[in-house]
Amino acid sequence: MDLKALKKQESKRKISKGYMWALFCAVFWGIWYLPGTVVWVLNPFDEMYLSIAKVSGDGVSLVVTAVLITAFNALTVMLALILWNGVLGKYGELGRTLKEFHPCSKWFFLASIFGGPIAILGSFIAMGFIGGAFAAVAALLYPVVGSILAYYWYGEKISKRAALGIGVIIIGGITIFGGGLLTELSSGTVPWIGYLGGLMAAAGWGIEGAIAGKGLDISEPDAGLTLRFLGENIIWWIIIIPLLALFGFPMYSFALQVFEPLTMLVLIFAGITFGFCYVCWYKSFPLIGVGRGQGIGNLYGMFAIIFIFLFFGDVPQWTILVGGTLCIIGSFVMFTEEASALETLRGE
Amino acid sequence: MSGNRPIKFRILELFLDGKEYWNYEIVSKIQEEYGMNSNYGRDSINFDIIELASGGMLKDVEQKVDEEGIYKKDFLLHKYVITDFGKVRGSDACLRYV
């Protein structure tokens with residue numbers, strides 16, 4: 001085989017590997033909605049929600065319960081990632097990366113602030129005050145924030161084709177959740193704090209991707225990701241949960257009740273799916289760029305609906321089928337991009 | 001002093017002299033410094049170089065087919081040089097300590 005053909009083949013392999021990681025991310029993210037939904041009706045979280053709601057009202061109770069669930073989610077993700085790094089033999093690299101706080105790991109800690117308490121909590125706030133459909137629509141917009149930031153901040157290239165693909169996927173996502181959104185909006189007045197939550201989700205995840213890209217430049221994704229979740233665990237367990245306990249919420253008494261077999265199983269399932277969704281997400285960025293990685297990752301909306309249908313039997317509406325088709329079309333617009341356009345992701 | 005910084009830092013540091021290096025030269029040097037002598041270690045270091053190149057910090061300037069099996073027989077060998085962006089990122093990360 002001649003040099004040119006071999007070159008083309010190699011570059012093609014790299015790009016398709018990047019897309020494969022991004023697709024796995026979407027699948028894991030979609031599956032995550034199963035444990036993420038189930039955990040709300042399990043002990044101790046359902047009791048916690050009811051008991052806080054009695055004292056402080058539904059809205060506050062929902063956010064506080066969401067904090068505890070998110071914190072446990074971060075904890076099990078961390079466990080899954082430590083196992084993952086062990087399998088890859090990367091503990092050494094993990095320690096070396098952690099020590100480089102100033103040039104490198106600070107970016108991951110910064111990313112964890114935007115990913116955890118801003119994006120994930122924002123989603124829960126949007127779900128609580130407006131509804132799940134609105135939260136999901138808002139979150140689908142994060143690649144727009146991510147690609148614009150990556151473009152202006154460190155000049156990541158976005159081809160017209162990639163932009164078009166991202167656009168089609170977003171329209172697909174809006175169609176998927178659009179029906180539910182209209183019902184929610186027409187059912188009454190909507191508090192502004194719900195919109196703020198939606199904005200937090202879209203901006204938080206978009207900013208996380210762009211910031212993480214800065215640290216990923218000079219580190220290995222597996223190590224970087226673990227540090228990002230180390231950061232999130234510190235934020236929840238050392239800062240926010242003790243603060244909420246100080247305000248009188250029964251955080252610790254409910255936290256100690258999670259050691260029931262079913263609850264643990266669901267939390268671990270959530271940790272594994274969310275953890276690997278992030279592994280795949282971060283691995284795709286250096287290969288295909290933040291904008292494309294996030295765009296393909298956005299197929300999670302479609303996968304979530306498929307898995308929720310398979311496991312919970314919720315039959316999708318026709319708007320969901322139309323939206324899902326648009327998402328697939330959008331990702332193919334990106335998949336079929338000429339590989340040579342992707343040889344390097346930044347302008348000279 | 002070797003083997004105590006993240007691998008990508010060290011790779012950039014090696015390129016900071018501005019010279020061109022083949023990937024197998026860098027890979028074998030890192031393998032030696034970090035004690036990563038398995039095939040898995042080799043591939044994972046090479047992947048780090050690929051990521052640095054796709055991040056725009058290294059530039060792929062020359063390729064040849066590995067006919068003799070210096071690195072991996074019948075695969076492409078790449079020669080890289082550091083870019084201006086790579087120099088900036090590399091000096092941020094590395095030079096402080098040198």
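Residues numbered from 1 in each chain as written. Chains lettered and ligands numbered in written order. Predicted model: local features only at pLDDT ≥ 70, side-chain atom pairs only at ≥ 80, totals over all residues. Heavy atoms only, no water.

Student: Outline the overall build of chain B, supporting the account with residue identities and numerical values.
Tutor: What chain B contains, in helices and strands, is four helices and three strands. In chain B, the order of α-helices and β-strands from amino to carboxyl end is α-β-α-α-β-β-α. The globule rule puts the C-alpha radius of gyration for 98 residues at 13 Å, and the 13 Å found for chain B is close to it. With the C-alpha coordinates aligned to their principal axes, the bounding extent of chain B is approximately 40 × 30 × 20 Å. Evaluated residue by residue, chain B yields a buried proportion of 53% over its 98 residues. Counted over contacts in chain B with a minimum sequence separation of 6, partners at least 24 positions apart contribute 59%. (Helix = DSSP H or I, 4+ residues; strand = E, 2+ residues; numbered from the N terminus. Rg over C-alpha atoms; globule rule 2.2 N^0.38 Å. Buried < 20%, exposed > 50% of the residue type's maximum accessible area, 1.4 Å probe, protein only. Contact = heavy atoms within 4.5 Å.)

Student: Quick rundown of the packing of aromatic side chains? Include the residues and the values.
Tutor: Residues and elements named next belong to chain A. Counted by the stated rule, this structure contains 14 aromatic pairs over all chains. Ring plane angle 40° and centroid distance 6.1 Å describe the contact between F28 and F276, whose orientation is recorded as tilted. Within this pair, whereas F28 is found in helix 1 (residues 3-38), its partner F276 is found in helix 12 (residues 261-288), the two being separated by 248 residues in sequence. On the basis of relative accessible area, F28 is assigned to the partly exposed category, the value being 25%. Between the aromatic rings of F229 and F274, the centroid separation amounts to 6.5 Å while the plane-to-plane angle is 80°, which identifies the pairing as edge-to-face. (Phe/Tyr/Trp six-rings, centres within 6.5 Å; stacked < 30°, edge-to-face > 60°.)

Student: Now, about the pattern of salt bridges: what can you tell me, with residues and values included?
Tutor: Residue and element names in this part refer to chain A. This model, assessed by the stated rule, comprises 15 salt bridges over all chains. Across the pair K90 and E220 runs a salt bridge, and its minimum N-O distance is 3.1 Å. Of the two residues, K90 is situated in the loop between helix 3 (58-88) and helix 4 (91-99) and E220 in the loop between helix 9 (192-216) and helix 10 (221-246); the sequence distance between them amounts to 130 residues. (Salt bridge = Lys/Arg side-chain N within 4 Å of Asp/Glu carboxyl O.)

Student: Run through unusual backbone geometry, naming residues and quoting values.
Tutor: Going from N43 of chain A to P44 of chain A, the amide bond is cis rather than trans, its omega being 0°. As for its placement among the helices and strands, P44 of chain A is situated in the loop between helix 1 and helix 2 (45-56).

Student: Lay out the side chain of N298 of chain A in plain terms, naming residues and giving numbers.
Tutor: Examined against the element boundaries, N298 of chain A turns out to sit in the loop between helix 13 (290-297) and helix 14 (300-312). Those residues in contact with N298 of chain A that sit more than four places away from it in its chain are L140, Y142, P143 and I169 of chain A.

Student: Can you lay out helix 3 of chain A for me, pointing to particular residues and giving the numbers?
Tutor: For helix 3 of chain A, which comprises 31 residues, the first-to-last C-alpha distance of 44 Å matches the rise-based estimate of 45 Å (1.5 Å per residue) to within 8%. Of the residues one or two after helix 3 of chain A, G89 of chain A is the one with positive phi, at around 70°. (Expected span 1.5 Å × (residues − 1).)

Student: Hey, could you go over the side chain of S61 of chain A for me, with residue numbers and the actual values?
Tutor: Residue and element names in this part refer to chain A. Position of S61 among the secondary structure elements: in helix 3. The class for S61 is buried, based on a relative accessible area of 0%. For S61, the contacting residues outside a window of four places in its chain are M48, Y49, I52 and A53.

Student: Give me the packing of helix 5 (residues 101-129) of chain A against helix 9 of chain A: which residues, what numbers.
Tutor: Residue and element names in this part refer to chain A. Interhelical geometry of helix 5 versus helix 9 gives an angle of 160° and a closest axis separation of 7 Å. Comparing their axes, helix 9 and helix 5 come out roughly antiparallel. Seen along the crossing, helix 5 lies across helix 9 with a hand that is left-handed. (Axes fitted to C-alpha atoms, helices over the stretch in contact; angles between N-to-C directions. Parallel < 35°, antiparallel > 145°, perpendicular 65-115°, else oblique. Left-handed = near helix turned anticlockwise from the far one by under 90°.)

Student: Can you explain the packing of helix 4 of chain A against helix 5 of chain A? Please cite residues and give values.
Tutor: Residue and element names in this part refer to chain A. At a closest axis distance of 6 Å, the pairing of helix 4 and helix 5 adopts a crossing angle of 100°. Judged by the inter-axis angle, helix 4 sits roughly perpendicular to helix 5. In contact with T97, L98 and K99 of helix 4, helix 5 contributes F101, C104, S105 and F109. Among the residues forming the contact of helix 4 with helix 5, the class breakdown is four nonpolar, two polar and one charged. (Nonpolar A, V, L, I, M, F, W, Y, C, P; charged D, E, K, R; others polar.)

Student: Give a detailed account of the pairing of strand 3 (residues 76-82) of chain B, specifying residues and quantitative values.
Tutor: All names here are of chain B. The buried count for strand 3 comes to seven of seven residues, which makes it a mostly enclosed element. Here strand 3 shows two buried faces, one formed by L76, H78, Y80 and I82 and the other by L77, K79 and V81. In terms of strand pairing, strand 1 (residues 21-22) meets strand 3 through two bridges, oriented antiparallel. Bridging from a neighbouring strand, Y21 pairs with Y80 of strand 3. (Pairing = 2+ DSSP bridges.)

Student: Can you break down the interface of chain B and chain A residue by residue, with the values?
Tutor: Often, the extent of an interface is quoted as the loss of accessible area on bringing the components together. Counting from both sides, the interface comprises 35 residues of chain B and, opposite them, 30 residues of chain A. Between chain B and chain A the total buried area reaches about 2700 Å² when both faces are included, carbon and sulfur atoms providing 55% of it. Sorting the residues of chain B by area buried against chain A places S54, L76 and R89 of chain B first, and these three jointly supply 21% of that buried surface. On inspection of chain B and its partner chain A, the count reaches one salt bridge. For R5 of chain B, the salt bridge is made with E100 of chain A, and the minimal N-O distance between the two is 2.8 Å. Counting every contact that joins chain B to chain A gives six residue pairs in polar contact (both at pLDDT 80 or more). Of all the elements, helix 3 (residues 39-54) of chain B adds the most residues to the side of chain B that touches chain A, at nine residues. Here the residues of the side of chain B that touches chain A sort into 17 nonpolar, eight polar and ten charged. (Buried area = accessible area lost by both parts, 1.4 Å probe. Polar contact = N/O pair within 3.5 Å; in protein donor to acceptor, adjacent residues only side chain to side chain.)

Student: Account for the sheet that holds strand 1 of chain B, naming residues and giving values.
Tutor: Read from one edge of the open sheet, three strands run 1-3-2 (chain B), paired in antiparallel fashion. The strands lining the two open edges of the sheet, one partner per strand, are strand 1 and strand 2 (58-65) of chain B.

Student: Report on a positive patch on the surface, specifying residues and quantitative values.
Tutor: Together, K4, K7, K8 and K12 of chain A make up a positively charged patch on the protein surface. Here K12 of chain A shows up in helix 1. (Patch = residues over 30% accessible without salt bridge, like charges linked within 9 Å, V, L, I, M, F, W, Y side chains within 5 Å. Areas by Shrake-Rupley, 256 points an atom, 1.4 Å probe, with all protein chains shown as cover. Lys, Arg positive; Asp, Glu negative; His and termini not counted. Charge placed at Lys NZ, Arg CZ, Asp CG, Glu CD.)

Student: Break down empty space enclosed by the protein for me, with residues and values.
Tutor: Residues and elements named next belong to chain A. Going through the model one piece at a time under the given rule, you end up with three cavities of 30 Å³ or more. Roughly 100 Å³ of volume is contained in the second largest cavity. Around the second largest cavity, the lining comprises 13 residues; the ones closest to its centre are W32, G36, V39, I69 and N73. Elements that contribute at least two residues to the lining of the second largest cavity include exactly helix 1, helix 3, helix 5 and helix 12. In terms of residue class, the lining of the second largest cavity is made up of ten nonpolar, three polar and no charged. (1 Å grid on protein atoms, 1.4 Å probe; cavity = no way out; pocket = protein on both sides within 12 Å on 5 of 7 lines; lining within 4 Å. Points joined across faces, edges and corners; volume = space filled by probe spheres on them.)

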